[in-house]
Amino acid sequence: MNLGGIRKDVSIELVPEAQVGDYVIVHVGHAIGMIDPEEAERTLALFGEMSAAMAAAEPAP
Amino acid sequence: MKYIDEFRDGEVARKIADRLAIEARGDRQYSFMEFCGGHTHAISRYGVRELLPVNVRMIHGPGCPVCVLPIGRVDMAIKLALEHEVIVCTYGDTMRVPASDSLSLTKAKARGGDIRMVYSAADALTVARDNPERQVVFFAIGFETTTPPTALAILRAQREGLKNFSVLCCHVLTPSAITHILESPEVRQYGTVPIDGFIGPAHVSIVIGSGPYEHFAEEYRKPVVIAGFEPLDVMQAILMLVRQVNDGRAHVENEFTRAVDRDGNLAAQQKVSEVFELRPSFEWRGLGEVPYSALKIRPAFAEFDAERRFGLGYRPVADNKACECGAILRGVKQPTDCRIFGTVCTPENPVGSCMVSSEGACAAHYAYGRFKDIPVVTA
């Protein structure tokens, strides 16, 4: 596993589906889950929508 | 780092804060408990509290593994090291938890106990393989996140036929602790701890899924929003909770969809149920004895159970009288309500368990918030 440049061996016994290139969530030396890139984008978009909604709500100059 | 930096963007945090300020109704108070120590840490570290409207209050919950570990359990590990002369392996945070006779595992190590800090349960197994002439005990603590790795270690020890490895199991369960809080007199009768909803744990939920919280939402009419550990996740979850309260809804919602689904990690759950079974009762620091709130090793794996192998009994020990950890863990008091906070009790010399781990309410406030409310006095 590469953690922002730090390389560390972790067990993927709990997430056997993990492949090289995937992002996993690591807890005490074990990957316990995977990051779903599409869902991550969706959550970020949700934050983004809020920004857009705020901008739209601001009174025109 | 990807999937971290985007969730710490200060500009976006301000926008969510603006939205919260608009949507939180001025005519009412909102009190939400963040159950998990990871959220407590994030809230303190990133100043999330300062971004919230004044009528939205966060209450720290008991979801910090070392904080809820009672003195009597640490005493058992110390006894193993000093009297049974076994090698005790444990996670770093556990080393400094105050125990009886002014001891901790760190201090017991200074007295000659062979106590070693490990990064994972698998490392404890390595210690056992490397020291076949010694008994090695892994002092296992934590919630549903650390339990699957402990299960894997026991299964592997069995496969390898290791005769010198056992586990002092102190694993505890999140849902039973939440039930206990909701059933507590402070919440139910006196209303001294008003709770309008919960931020559900991030990593625990990866393992157990969002399903187990549905009971709280339905039975107790409390909304639960599962959130990631980054500050934007927490802000967004608070906004989702405010919206549920405003609408009179009490549902389980999931902000952390990038890692949590309804069922959780089934492979991990399977390993846990293979090795562990429910303990009828377990003492938590702060909460007292909580029924069916912890796990013990199944009889089929008895040879890996340190409590059986060494005939250890549990003896409850009262906390230091001056320490308010118990009330803080129940959400009744804040760290600053404690007389010894930041004076006698500091992270360098913790009196109570909440000052030990960076996830503890006291340690988090000491590290990131104490200068806001302690007056500056010139010598």
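Because the structure is predicted, anything quoted here is derived from the model rather than measured. (Residues numbered from 1 in each chain as written. Chains lettered and ligands numbered in written order. Predicted model: local features only at pLDDT ≥ 70, side-chain atom pairs only at ≥ 80, totals over all residues.)

## Description of the interface of chain A and chain B
Line of reasoning, step 1. If you look at the interface, chain A gives 24 residues, while chain B gives 30 residues.
Line of reasoning, step 2. The leading source of residues in the side of chain A that touches chain B is helix H1 (residues 37-57) of chain A, at 9 residues.
Line of reasoning, step 3. By residue class, the composition of the side of chain A that touches chain B is 12 nonpolar, 8 polar and 4 charged. (Contact = placed C-beta atoms within 7 Å. Helix = DSSP H or I, 4+ residues; strand = E, 2+ residues; numbered from the N terminus. Nonpolar A, V, L, I, M, F, W, Y, C, P; charged D, E, K, R; others polar.)

## Thoughts on helix H6 (residues 121-130) of chain B
All names here are of chain B.
Line of reasoning, step 1. Within the sequence span of H6, burial applies to Ala121, Ala122, Ala124, Leu125 and Ala128. The arc enclosing the buried residues of H6, seen along the axis, measures out at 155 degrees, which places them on a common side.
Line of reasoning, step 2. Residues of H6 that are buried in the fold lie against strand S3 (87-90), strand S5 (136-142), helix H7 (147-160) and strand S6 (165-171). (Buried ≥ 20, exposed ≤ 12 C-beta atoms within 10 Å, placed from the backbone. Arc of directions from axis to C-beta.)

## A look at the sheet that holds S5(B)
Sheet strands associate in pairs through backbone hydrogen bonding, adopting either a parallel or an antiparallel arrangement.
Residue and element names in this part refer to chain B.
Line of reasoning, step 1. The 4 strands lie next to each other as S4-S3-S5-S6, forming an open sheet whose pairing is parallel. Each end of this open sheet is capped by a strand with a single partner; those strands are strand S4 (115-117) and S6. Going across the sheet, the axis of each strand differs from the next one's by a mean of 25 degrees, ignoring polarity.
Line of reasoning, step 2. In terms of strand pairing, S3 meets S5 through 4 bridges, oriented parallel. Opposite Cys89, over in S5, you have Phe138 as the bridge partner. (Pairing = 2+ DSSP bridges. Axes fitted to C-alpha atoms, helices over the stretch in contact; angles between N-to-C directions.)

## Concerning the nonpolar core
All names here are of chain B.
Line of reasoning, step 1. Among the nonpolar cores identified, the biggest contains 135 residues, and Ala77, Val88, Val137, Val167, Leu168 and Ile238 are the most heavily contacted of them.
Line of reasoning, step 2. When residues of this core are assigned to their parent elements, the largest contribution, 10 residues, is made by helix H12 (residues 231-247).
Line of reasoning, step 3. Once you skip the residues sitting within four places of it in the chain, Ile238 turns out to touch Leu20, Phe32, Leu52 and Val56. (Core = buried A, V, L, I, M, F, W, Y, C linked by C-beta atoms within 7 Å.)

## Observations concerning the sheet that holds strand S9 (residues 252-254) of chain B
Residues and elements named next belong to chain B.
Line of reasoning, step 1. Across the sheet, 5 strands lie side by side as S2-S1-S7-S8-S9; this open sheet has parallel pairing. Lying at the two open borders of the sheet, with one neighbouring strand each, are strand S2 (56-63) and S9. Averaged over all pairs of adjacent strands, the angle between their axes in this sheet comes to 25 degrees, without regard to strand direction.
Line of reasoning, step 2. Running over the sheet, H12 touches strand S1 (30-36), S2, strand S7 (197-200), strand S8 (224-226) and S9 and is turned about 150 degrees from S7.

## Points about the confidence of the model for chain A
Line of reasoning, step 1. Confidence in the prediction for chain A averages 85 pLDDT; 80% of positions are at 70 or higher.
Line of reasoning, step 2. No element of chain A has a lower mean pLDDT than H1(A), at 78, and none a higher one than strand S4 (residues 30-34) of chain A, at 96. (pLDDT = per-residue confidence, 0-100.)

## Thoughts on the environment of Arg298(B)
Residues and elements named next belong to chain B.
Line of reasoning, step 1. Within the element layout of this structure, Arg298 appears in the loop between strand S11 (288-297) and helix H14 (306-309).
Line of reasoning, step 2. Considered as a pair, Arg298 and Arg279 are 19 residues apart in the sequence and their alpha carbons are 10.0 Å apart.
Line of reasoning, step 3. Once you skip the residues sitting within four places of it in the chain, Arg298 turns out to touch Val275, Phe276 and Glu277.

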